[in-house]
Amino acid sequence: MTGDEWHGSFIRILLDQGVDPIEAQRISEDSRAEAIAARRHPAQLFGPAAAYATAVARAARPAPLNAPLARAKGPVVLRLTGVTKRYRRREVLRGVDLTLHAGEVAAVTGANGAGKSTLLDICAGTIKATSGVVERTARIGYAPQQHGVAPYLTAEEHFRLFGAVHRMGARKAVATGAHLAAGLGWRPRAGVVASQLSGGTQQKLNVVLGELSRPDLILLDEPYQGFDQDSYLDLWAQVYAWRDAGAGVLVVTHLLHDLDKVDHLLELQGAEDR
């Protein structure tokens, strides 16, 4: 299936799912722009057109009136106050506010170039905000969108390396990594280095490394790229399991599979578009 065929199928299914035609066209154009910017086939970026369209349509529907009652809030694991990021004359983020408690999930959405990955980097501490205040817990797990794994290390070597950073014994780190990988439907094979893994499996390794130390705050930057539908569902099941275990989760995403189960939705407009 060509990229044009994928997008054609995607928008047809959106319309079949009852999405407003104007909104369906906008969503389709955004997905096309994302794929072009990433220089990847849309199926590699978003997965099967049918599964992606169904999830997008579901996310576009209002939350049900019988949504579950809010849970008791845990301590704050991340607080952003007036966060702004500027590169020379270009302002990427402006005045972003967010408070995330332990046991909550926050999703960050927005068009290509709206500053989603920049915001995650600021939350992780890999870059500094130009202005504003960032408060976060000390125990953080981060799965970046790119360059999260070492191409010439096996999964087991990754587990040992990252475990050593968190003062975990090698045996415990490997066992923990294998257990977390199983939750994403993946069983690492001995002797296979990361560069030999598919893009989706590299992303699974990336996610496992982000959670290896059982952090209080987990940051995920579009972790589902290259996932098939089952892997996508496994990921969100894992996100909710982390939340139920008391972690705060901040995830950058193009869509929300279960909008009614997300505690906060932060939509970035792009500072220059305001």
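In the block above lies the structure referred to throughout.
Attention here is on the structure that accompanies the text. In this text, all values refer to a predicted model and were calculated from it rather than measured experimentally.

Axis separation between helix H6 (residues 155-165) and helix H7 (residues 170-183) bottoms out at 8 Å; the angle between their running directions is 120 degrees. When the axis of H6 is compared with that of H7, the two are oblique. The chirality of how H6 crosses H7 is right-handed. Residues Glu156, Phe159, Arg160 and Gly163 of H6 pack against Ala170, Ala173, Val174, Gly177 and Ala178 of H7. Here the contact of H6 with H7 is composed, by residue class, of five nonpolar, two polar and two charged.

Membership of the largest hydrophobic core comes to 35 residues, with the highest contact counts inside it found for Leu205, Leu220, Val239 and Trp242. Residue assignment for this core shows that the elements contributing at least two residues are strand S3 (105-110), H6, H7, helix H8 (199-211), strand S6 (217-221), helix H9 (229-244) and strand S7 (248-252). By residue number, the principal contributor to this core is H9, which donates six residues. If we skip the residues at most four places from it in the chain, Val239 touches Val105, Leu220 and Val249. Of all hydrophobic cores here, the second largest spans 24 residues; its members include Val96, Ala102, Ala124 and Leu266.

Moving on: the packing of aromatic side chains. The full count for this structure, using the stated rule, is two aromatic pairs. Their ring planes at 40 degrees and their centres at 5.7 Å tell us that Trp236 and Tyr240 sit as a pair that is tilted. Remark: Tyr240 and Trp236 occur in helix H9; sequence separation between them is four residues, near one turn of the helix. Lys85 extends its terminal NZ or CZ atom over the ring of Tyr87, reaching a point 5.0 Å from the ring centre.

A few words now on the sheet that holds S7. Across the sheet, which stays open at both edges, the five strands sit in the order S5-S6-S7-S3-S8 with parallel pairing between neighbours. Edge positions in the sheet fall to strand S5 (140-143) and strand S8 (264-268), since each has one partner strand and no second. Recorded for the sheet is a direction-independent mean angle of 15 degrees between the axes of neighbouring strands. Of the pairings in the sheet, the one linking S3 to S7 comprises four bridges and is parallel in character. What sits directly across from Ala107, in S7, is Val251. Lying on the sheet, H8 is in contact with S5 and S6; it crosses S5 at an angle near 170 degrees.

Before going further, it helps to spend a moment on the side chain of Thr109. On the secondary structure map, Thr109 appears in strand S3. The residues touching Thr109, leaving out its near neighbours within four places in the chain, are Lys116, Thr253, Leu265, Leu266, Glu267 and Leu268.

Below, the discussion takes up the pattern of salt bridges. Under the defined criterion, the tally for this structure stands at eight salt bridges. One salt bridge connects Arg32 with Asp4, and the closest N-O pair in it is separated by 3.1 Å. Linking Arg32 in helix H2 (residues 21-38) with Asp4 in helix H1 (residues 3-16), this pair joins segments that are 28 residues apart in sequence. Given the relative accessible area of 56%, Asp4 is considered exposed. As a salt-bridge pair, Arg139 and Asp216 come within 3.8 Å of each other at their nearest N and O atoms. Of this pair, Arg139 sits in the loop between strand S4 (131-136) and S5 while Asp216 sits in the loop between H8 and S6, and the two are 77 residues apart along the sequence.

Within the sequence span of H6, burial applies to Ala155, His158, Phe159 and Gly163. Buried positions in H6, seen along its axis, are confined to an arc of 125 degrees and lie on one side of it. Every exposed residue of H6 that faces more than 90 degrees away from the buried side is listed here: Ala164 and Val165. Considering only its buried residues, H6 is in contact with H7 and H8. Note on H6: the residue one or two positions beyond its end, Arg167, has a positive phi of about 60 degrees.

For Thr118, the position within the fold is in helix H5 (residues 116-124). Judged by relative accessible area, which is 14%, Thr118 ranks as buried. Each residue touching Thr118, except ones within four places of it in the same chain, is listed here: Lys85, Tyr87, Val92, Leu93 and Ile127.

Rules used in this analysis
- Residues numbered from 1 in each chain as written.
- Predicted model: local features only at pLDDT ≥ 70, side-chain atom pairs only at ≥ 80, totals over all residues.
- Heavy atoms only, no water.
- Axes fitted to C-alpha atoms, helices over the stretch in contact; angles between N-to-C directions.
- Helix = DSSP H or I, 4+ residues; strand = E, 2+ residues; numbered from the N terminus.
- Parallel < 35°, antiparallel > 145°, perpendicular 65-115°, else oblique.
- Left-handed = near helix turned anticlockwise from the far one by under 90°.
- Contact = heavy atoms within 4.5 Å.
- Nonpolar A, V, L, I, M, F, W, Y, C, P; charged D, E, K, R; others polar.
- Core = buried A, V, L, I, M, F, W, Y, C linked by side-chain atoms within 4.5 Å.
- Buried < 20%, exposed > 50% of the residue type's maximum accessible area, 1.4 Å probe, protein only.
- Phe/Tyr/Trp six-rings, centres within 6.5 Å; stacked < 30°, edge-to-face > 60°.
- Lys NZ or Arg CZ within 6 Å of the ring centre and 35° of its normal.
- Pairing = 2+ DSSP bridges.
- Salt bridge = Lys/Arg side-chain N within 4 Å of Asp/Glu carboxyl O.
- Arc of directions from axis to C-beta.

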